[in-house]
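Single-letter residue listing:
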Amino acid sequence: MKIKAIIAIALIISAALMAAKLSPGIVNTDKFREGKYIHLDSIEIAFSKTDARISIEYHLSPFAQAYIFLFGSKHLEPKIEKIFYDFENVEVKEIGKSSAIIEVKGVSRRSDENYLHESRKFEMPPDTLTVIYPDGARRNSEHAESTPNIFYDV
């Protein structure tokens with residue numbers, strides 16, 4: 001990489017960090033304590049038979065925003081997958097600077113004519129967790145550490 005490009009990247013990152021320090025009202029640093037660079041605003045889980053589609057909304061720290069601006073949001077994929085460490089068969093379908101869509105296979109199991117989802121933990125709790133049942137009914141929770149146990153039919 002040329003020296004001018006390296007200097008430009010360093011200046012952009014420095015400017016973003018300086019702006020965050022000088023304007024505390026714009027960025028709530030409490031959301032990013034303990035070295036975390038991502039804050040989960042909401043998780044929405046829509047169940048369909050044994051699978052689920054998960055939509056998440058998040059905010060990034062100023063440094064992470066600069067990094068994603070320079071190198072792309074694909075670098076967030078490992079962190080997104082880590083949030084769902086207790087789930088199996090997690091696949092990130094779409095990822096952006098403030099949202100992502102994830103598909104999870106086999107998150108529930110069939111029990112006779114119905115389906116059972118056993119609680120799964122998150123690496124970090126979202127501000128709001130919304131569970132969407134196959135019939136369209138919704139259930140909201142605040143600061144949920146895990147998904148609730150759910151029994152539903154399709």
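Just above sits the structure.
Cut-offs applied
Residues numbered from 1 in each chain as written. Predicted model: local features only at pLDDT ≥ 70, side-chain atom pairs only at ≥ 80, totals over all residues. Heavy atoms only, no water. Buried < 20%, exposed > 50% of the residue type's maximum accessible area, 1.4 Å probe, protein only. Helix = DSSP H or I, 4+ residues; strand = E, 2+ residues; numbered from the N terminus. Pairing = 2+ DSSP bridges. Contact = heavy atoms within 4.5 Å. Salt bridge = Lys/Arg side-chain N within 4 Å of Asp/Glu carboxyl O. Core = buried A, V, L, I, M, F, W, Y, C linked by side-chain atoms within 4.5 Å. Axes fitted to C-alpha atoms, helices over the stretch in contact; angles between N-to-C directions.

Walk down a regular strand and you will see the side chains alternate between the two sheet faces. Among the five residues that make up strand β8 (residues 138–142), zero are buried, leaving the element largely open to the surroundings. Inspection of the sheet shows strand β7 (residues 128–132) paired to β8 by five bridges, in the antiparallel sense. Residue pairing across strands places I132 opposite R138, the latter belonging to β8. Adjacent in sequence and paired antiparallel, β7 and β8 are bridged by five residues, among which G136 carries a positive phi angle near 100°.

In this section: the side chain of S73. Note that S73 resides in the loop between α2 (62–71) and α3 (77–83). Residues contacting S73, with those up to four places away along its chain left out, are I68, I95, G96 and K97.

Sheet topology places strand β2 (residues 51–60) next to strand β4 (residues 99–104); six bridges connect them, and they run antiparallel. Bridged to R53 within β4 is E103. Relative to β4, strand β3 (residues 90–95) runs antiparallel, the two being bridged by five bridges. Opposite E91, over in β4, you have E103 as the bridge partner. Taking the residues between adjacent antiparallel strands as the criterion, β3 and β4 are bridged by three residues.

Further remarks concern the pattern of salt bridges. Enumeration according to the criterion identifies eight salt bridges in this entry. Residue K105 pairs with D51 through a salt bridge whose shortest N-O separation is 3.8 Å. Taken as a pair, K105 in the loop between β4 and β5 (109–111) and D51 in strand β2 lie far apart in primary sequence, 54 residues in all. Accessibility expressed as a relative area gives 42% for K105, which makes it partly exposed. According to the relative accessible area criterion, D51 is partly exposed, its value standing at 24%. Through salt bridges with shared partners, a single ionic network connects K79, K82 and E123.

In this section: the nonpolar core. Core analysis: the largest hydrophobic core is formed by 31 residues, its most contacted members being I43, I54, I56, Y58, I80, F84 and I102. Those elements giving two or more residues to this core turn out to be β1 (38–48), β2, α2, α3, β4, β7 and β9 (150–153). With residues up to four places along the chain from it excluded, the contact list for I54 reads I43, E44, I45, F84, F87, A100, I101, I102 and V104.

A word on the sheet that holds β3. Taking strand neighbours across the sheet as the criterion, the six strands line up as β3-β4-β2-β1-β7-β8 in an open arrangement whose pairing is mixed. On the outer flanks of this sheet lie β3 and β8, each paired with one strand and no other. Across the sheet, the mean angle from the axis of one strand to that of its neighbour is 20°, orientation sign disregarded.

Further remarks concern the sheet that holds strand β6 (residues 114–117). Read across the sheet, three strands follow the order β5-β6-β9 without closing on themselves; strand pairing throughout is antiparallel. Of all the strands in the sheet, just β5 and β9 have a single pairing partner and so form its edges. The sheet shows a mean angle of 35° between the axes of neighbouring strands, direction not considered. The pairing of β6 with β9 spans four bridges and is classified as antiparallel. Across the sheet, residue Y115 finds its bridge partner in β9, namely Y152.

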